[in-house]
Each structure stands twice: as C-alpha cells, then as structure tokens.
Amino acid sequence: MIMKLPSPPLKALLCALAALMLGGCSIEPWVKPYERAHLADPIMSFDRNPVANGYRNHVYQIRESARGAEGGGGGGCGCN
Amino acid sequence: MAVTDTRWRYLAAGVALALVSALPGARNLFATVLPEDRADVMYHRYDGGGVEVDGPTLQVRKSIGESFSVSADYAVDSISSASVDVVSMASPYTEERTETGVSVDYLHNKTLMNLSLIKSDESDYLSETGSFSVSHDMFGDLTTVTLGYSVGNDDISRNGDEDFGETANRQNYRVSLTQVLTKDSIMGLNWETITDEGFLGSPYRSYRYLDPASEKGYSFLPESYPTTRTSNALALRLKYYLPYRAALSGEYRFFNDTWGITANNLEFAYTHPFREKWIFDIRYRYYTQDSADFYSDLFSRRQPFTYMARDKELSTFHSHTVGFGVSYEIKPDFWQFIDHGSFNLDFDYMRYSYDDFRDITEGGVAGEEPLYSYSANVIKAYFSVWY
C-alpha cells in the first residue's frame with residue numbers, strides 16, 4: 001500500500017494548528033479572565049440557538065451540494 | 001488511491017493533535033464545562049419551489065452530577081412536494097420524516113467527550129448515525145480544540161417497488177479550533193472531510209437526453225451516480241463585540257469534492273440587544289457552486305457517459321438568503337425550577353437561481369427552456385428554557 005502525503009491545504013492547516021499550539025505553551029494568556037465579560041455575553045456565542053441553527057443547516061444541506069464544517073447541528077438524512 | 005490518500009490525512013491529523021495534547025504546558029489550563037441545562041420546543045416551516053415542509057422539533061438537555069449531561073432530540077418533517085423535478089417526472093407526493101437522537105457528554109479531567117446517536121426515518125430512507133467528539137480548552141482557556149468522528153449507515157428503498165433496496169455508508173472527520181483573539185473578538189476554524197460509499201443518487205430521478213424520436217425532442221432515463229464521494233469543507237468564523245452591546249459576525253466556507261463540485265459561501269450577521277429583554281438578529285448569506293462533472297440539464301444522446309445526473313443540487317447555481325430574528329427573554333417567578341426562558345421568532349427569505357438547470361414545465365424548444373429559479377420562506381418559532 002502506497003501512502004501519499006496530505007494535500008497542501010491540509011498540510012498547511014495542520015502546521016498552522018501545531019504551530020499555534022506549540023507557541024501557546026510559552027505564552028501567557030493575553031486576555032485575562034477578568035477581561036472576558038464581553039466574550040461571555042451570550043450574543044458572542046457561535047451557537048446561541050443550537051436547535052434553530054441545526055435546522056437552518058439542514059435546510060441548506062438538502063438544497064446545496066456543500067456540506068460539513070457547519071460548526072454544530074446537522075444530521076444524517078439523504079432526503080431530497 | 002483516493003481512499004489511501006484520505007486515510008493518511010486522518011492519521012496525520014490524529015497524530016498531530018494527539019502530540020499537541022500531550023505537551024506538558026497544555027496541562028492545568030483546561031476549563032471545559034458541560035453544556036447548559038436547557039429545553040427547546042420549535043415549530044418550523046419551509047415553503048418554496050413547490051415544496052412545503054413543517055413540523056415540531058424538541059430538544060431537552062440535563063446534567064447528571066458534575067460529570068455527565070444527557071440530551072434527547074425529536075423532530076418531525078411533514079413534507080408535501082410538487083417541486084419542479086417531481087412535476088416534470090412524477091406526481092406530487094406527501095411523506096413524513098422523523099428524526100430522533102440521544103447524546104451523552106462526559107467531563108473528565110477537564111476533557112469533554114460527546115457520544116451521540118441519530119436516527120432519521122422516512123418511508124423510503126432510513127439513516128442511522130453515531131458520532132464521537134473530544135474537546136479541550138487550553139492556553140488559559142483562549143483555545144478550544146475539538147476532534148470529531150461520525151459514521152452513518154443508510155438504507156434506501158423505493159416506494160412502490162419491493163425489489164429495490166440499496167445502502168450507503170458515510171464517515172465524517174472533523175477538526176475545529178476556537179480561538180479568543182482579543183477581549184472583544186473570537187475566531188472559529190472548522191475542517192470537515194466526509195466520505196460516502198454506496199448508492200448516492202435518487203431512486204426516482206431521471207436524466208434528460210435529446211431524442212429526435214420524441215415529440216418534445218427529449219426523453220428520460222434513470223440517473224447513474226458514482227458509488228463513492230469524498231468532500232472537504234473549511235470554514236472560518238469571526239465574531240466581534242462592538243463598542244456598545246452588540247455583535248458583528250462573519251463566516252466564509254470553502255468546499256470541494258471528488259465529483260468536481262466547488263462551492264463558496266459568505267455570511268454576515270449583526271446581533272443587537274434592546275433594553276434588557278430583547279435581542280434582534282439580522283443576517284445575509286451568499287452561496288455559489290459549480291456543477292458536478294457528470295451533471296447536465298440535457299445530455300446529447302441516450303447514454304453518452306457512465307455517470308449521468310440531472311439533479312439541480314448538482315448544477316451551477318447561486319443563492320441569496322436574508323434573515324431576521326427576534327428573541328424576548330422571560331423570568332417566570334411561578335415556575336421555580338426554571339431559571340429563565342425566551343420566546344424566539346426567526347424568518348429567512350431564500351432565493352435560488354440556476355445557471356444550467358432549465359424549467360421544462362414552461363415548455364419550449366429542448367435545451368432552450370427558461371432557466372429555473374425559485375424563492376422560499378423559512379419560519380422558525382421556538383421557546384427555550386434554562387433550568
């Protein structure tokens with residue numbers, strides 16, 4: 001079995017991810033816990049209403065070829 | 001070759017993240033928490049392109065002790081379809097889809113694991129999916145990394161044909177990174193690869209080909225799809241807290257697959273709380289895609305290729321969506337077990353315009369019929385409670 005290297009976009013993603021995490025080991029958190037009031041506000045959530053977002057992704061998945069990386073929701077249905 | 005390549009990608013992703021997770025500095029920094037205890041009851045309705053879908057959705061989530069959280073989902077889609085595909089090749093139909101799901105989250109040493117099972121059942125389509133994911137918060141809780149895997153098995157039948165029976169298998173691989181950028185901004189990066197194998201078309205749909213012997217100038221034959229598909233999607237999301245209490249967000253996703261489809265979508269949203277109890281949302285989304293290699297609105301002859309499809313979802317098209325949402329928060333004193341709740345109403349207007357899919361119900365010379373387009377309205381009304 002011949003193993004091929006990952007494709008360039010995936011390689012770049014993995015390198016960026018690894019570099020970010022390695023770099024993070026020596027970095028002090030630049031946003032202190034007491035500075036996170038805005039980030040903790042529910043309006044800053046990527047998925048404030050998971051049920052409604054899941055349905056919205058489902059509607060798009062049925063009508064479009066693109067799928068995946070929705071960041072939550074979705075389900076396994078082949079209904080066309 | 002494609003399968004070997006794909007497996008290597010997953011192995012590489014897994015090894016890289018396992019190594020990173022084992023780094024000494026990554027310890028003592030996680031602060032992952034269980035999802036909130038909440039329940040949602042939603043009524044949804046989709047109306048457009050000759051298709052009407054409506055029904056209820058219910059989701060309940062409750063933590064058990066300090067380590068477990070369980071949730072259950074139930075949704076029904078009542079479908080009434082007289083879409084352009086159905087009208088041109090068959091008769092309008094009605095059917096019902098039921099989706100049920102259970103999920104367990106487990107928090108251990110500040111690592112959050114999730115296991116979920118989803119079943120979707122229609123008269124001619126049964127789909128069962130199992131998912132597993134692991135999440136870590138790290139680097140002073142500024143970074144969250146999630147790895148996810150799903151496997152699904154579908155059984156496909158054809159109403160009115162006892163002899164027809166096919167299967168399809170699906171595997172999803174997800175990597176996501178959520179990163180706090182500043183005290184006012186956050187970023188999300190999601191990668192997902194999906195592989196399918198089996199019967200991936202529709203048992204009902206046909207492709208169209210030029211047929212001089214036919215009165216209309218064309219005839220139909222059942223579609224033929226490849227039996228494998230691998231797709232990749234990469235999405236970047238940004239959210240920014242404005243100088244006053246409101247949030248601005250943007251999203252871009254790139255998609256491609258082994259069927260030759262490339263798609264892009266871009267979305268912007270603005271969230272604006274009003275006084276203490278109201279939250280307003282407005283959003284705009286643009287989506288565009290190129291057609292699959294084996295798609296054509298009108299093939300030149302009866303059987304020119306091995307794979308042939310005329311599914312408009314595989315054609316070249318673009319869409320615009322404009323959405324609006326409003327939420328009103330309540331704090332009922334008379335239900336002591338409820339912390340707070342919200343009434344929500346969400347509306348989306350969608351417009352799809354096709355570049356190479358023609359509306360043959362309009363008639364005309366074969367291949368010169370007007371291009372198809374349609375608009376749809378999506379309404380979601382739901383009630384959420386936290387306890």
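Each chain carries its own residue numbering, running from 1 in the written order of its sequence. Written order determines the labels here, with chains lettered from A and ligands numbered from 1. The predicted origin of the model limits local features to residues at a pLDDT of at least 70 and limits the giving and counting of side-chain atom pairs to 80 or more, whereas totals for whole chains, interfaces and linings rest on all residues.

I would appreciate a short explanation of the overall build of chain A in the present structure.
Numbering goes from the N terminus for both helices and strands, where a helix is a DSSP run of H or I of at least four residues and a strand is a run of E of at least two. In terms of helices and strands, chain A carries 3 helices and 0 strands. Listing each helix as α and each strand as β along chain A from the N terminus yields α-α-α. Taking all 80 residues of chain A together, 36% fall into the buried category. Think of it as a crowd count around each C-beta: if 20 or more other C-beta atoms lie within 10 Å the residue is buried, if 12 or fewer it is exposed, and in between it is partly exposed, with C-beta placed from the backbone throughout.

Help me out: how do you make sense of the pairing of strand β2 (residues 51-64) of chain B in this one?
Successive residues of a regular strand alternate their side chains across the two faces of the sheet. Residues and elements named next belong to chain B. The sheet contact formed by strand β1 (residues 38-48) and β2 spans 11 bridges and is antiparallel. Residue pairing for β2: D47 is matched across the bridge by E52. The rule for pairing is simple: two strands pair if DSSP sees at least two bridges between them. Hairpin connection of β1 to β2: 2 residues between the antiparallel strands, including G49 at a positive phi of 60°. Pairing analysis gives 12 bridges linking β2 to strand β3 (residues 68-81), with the strands arranged antiparallel. Its bridge partner lying in β3, S63 is registered against S69. If you look at the hairpin formed by β2 and β3, you'll find 3 residues sitting between the two strands, and G65 has a positive phi there, around 70°.

Where do I start with the confidence of the model for chain B in this structure?
In regions of low pLDDT, the predicted coordinates are not meant to be interpreted in detail. Residues and elements named next belong to chain B. Confidence per residue, as judged by the predictor, is encoded in pLDDT with a range of 0 to 100. Mean pLDDT over chain B works out to 91, with 92% of the residues at or above the 70 mark. The contact criterion used is a C-beta to C-beta distance within 7 Å, with each C-beta placed from the backbone. Note that residues 1-30 has pLDDT below 50 and, in this model, 43 contacts with residues that lie over four places away or in other chains. Of the two predicted TM-score estimates for the complex, the pTM is 0.86 and the ipTM is 0.89.

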